[in-house]
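# Structural characterization, general
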Amino acid sequence: TVRMHRAPLNAMPQTLTNTQPAVLARRAGGVFMQEAPFWDNVARFVRFFISIVTGLILGLLSPIVGAFGRSPALAAIGVALAVGVVVFLYITLQVMQQTPLDVEQLQQVEPSVQSMMKELYGP
C-alpha cells in the first residue's frame with residue numbers, strides 16, 4: 001500500500017513575506033505598460049486579408065480555368081470571355097465617369113422627351 005504523507009500547515013516553509021513582493025518589484029525596475037504594436041498588427045491584418053482574398057479568387061477560378069483548359073477551342077472561348085468581361089467593365093467605368101446630361105439639354109435635343117415629360121408630370 002502507498003501512504004500519502006501530508007505535512008502540517010505550520011511546518012510549510014514560508015517563501016514570501018509581506019515585504020518581498022515590493023522588494024522584487026523594485027529590483028525589476030517597476031511595472032511599466034508596454035505599448036502595443038498597434039500598427040504592426042494592422043499591417044499583419046492587411047496582409048492576411050489580401051492573402052485570404054487572393055486565395056478565395058484563385059480557389060473560385062481554378063475550376064473554371066481547368067474547364068477551359070481541356071481543349072484549344074475551349075481555351076479560345078475562355079480567352080474571348082475574359083477579354084469580353086474586361087472590356088465590359090472598362091466601358092462601364094468610363095461611362096460612369098462622364099458628366100450626366102442636364103434635363104434642359106436633353107429636352108432641347110429631343111422634342112419627344114419634352115412632350116413625354118409633360119404627359120407624365122403635367123405642364
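Keep in mind it's a predicted model, so treat the numbers as computed, not measured. (Residues numbered from 1 in each chain as written. Predicted model: local features only at pLDDT ≥ 70, side-chain atom pairs only at ≥ 80, totals over all residues. Heavy atoms only, no water.)

### Side note on the overall build of the protein chain
Rule in force here: Counting from the N terminus, the helices are DSSP H or I runs at least four residues long and the strands are E runs at least two residues long. Categorising residues by exposure relies on relative accessible area from a 1.4 Å probe, with only protein chains included: less than 20% of the type maximum marks a residue as buried, more than 50% marks it as exposed, and the intermediate range marks it as partly exposed. For the accessible areas, the method is Shrake-Rupley and the probe is 1.4 Å, while residue cover comes only from the protein chains on display.
Of regular secondary structure, the protein chain possesses 5 helices and 0 strands. Secondary structure elements in the protein chain, listed N-terminal to C-terminal, are α-α-α-α-α. For the protein chain, buried positions account for 2% of its 123 residues. When the accessible surface of the protein chain is summed, it comes to about 12100 Å², and 68% of that surface belongs to carbon and sulfur atoms.

### Topic: the packing of aromatic side chains
Spelled out, the test is: Each pair of aromatic rings taken from Phe, Tyr and Trp, with Trp reduced to its six-membered ring, is defined by centres within 6.5 Å and is described as stacked if the planes are under 30 degrees apart, edge-to-face if over 60, and tilted in the remaining cases.
Per the stated rule, a full pass over the model turns up 1 aromatic pair. Look at Phe38 and Trp39: their rings are 4.8 Å apart centre to centre, the planes differ by 75°, and that puts the pair in the edge-to-face class. Residue class for Trp39 comes out exposed when judged on its relative accessible area of 65%.

### Concerning the confidence of the model for the protein chain
Low-pLDDT stretches of the model should not have their predicted coordinates read in fine detail. The condition that has to hold: The pLDDT value expresses, per residue, how confident the predictor is, ranging between 0 and 100.
Mean pLDDT over the protein chain: 77, with 62% of residues reaching 70 or higher. Here helix H4 (residues 103-109) is the element of the protein chain with the lowest mean pLDDT, 58, and helix H3 (residues 72-97) is the one with the highest, 93.

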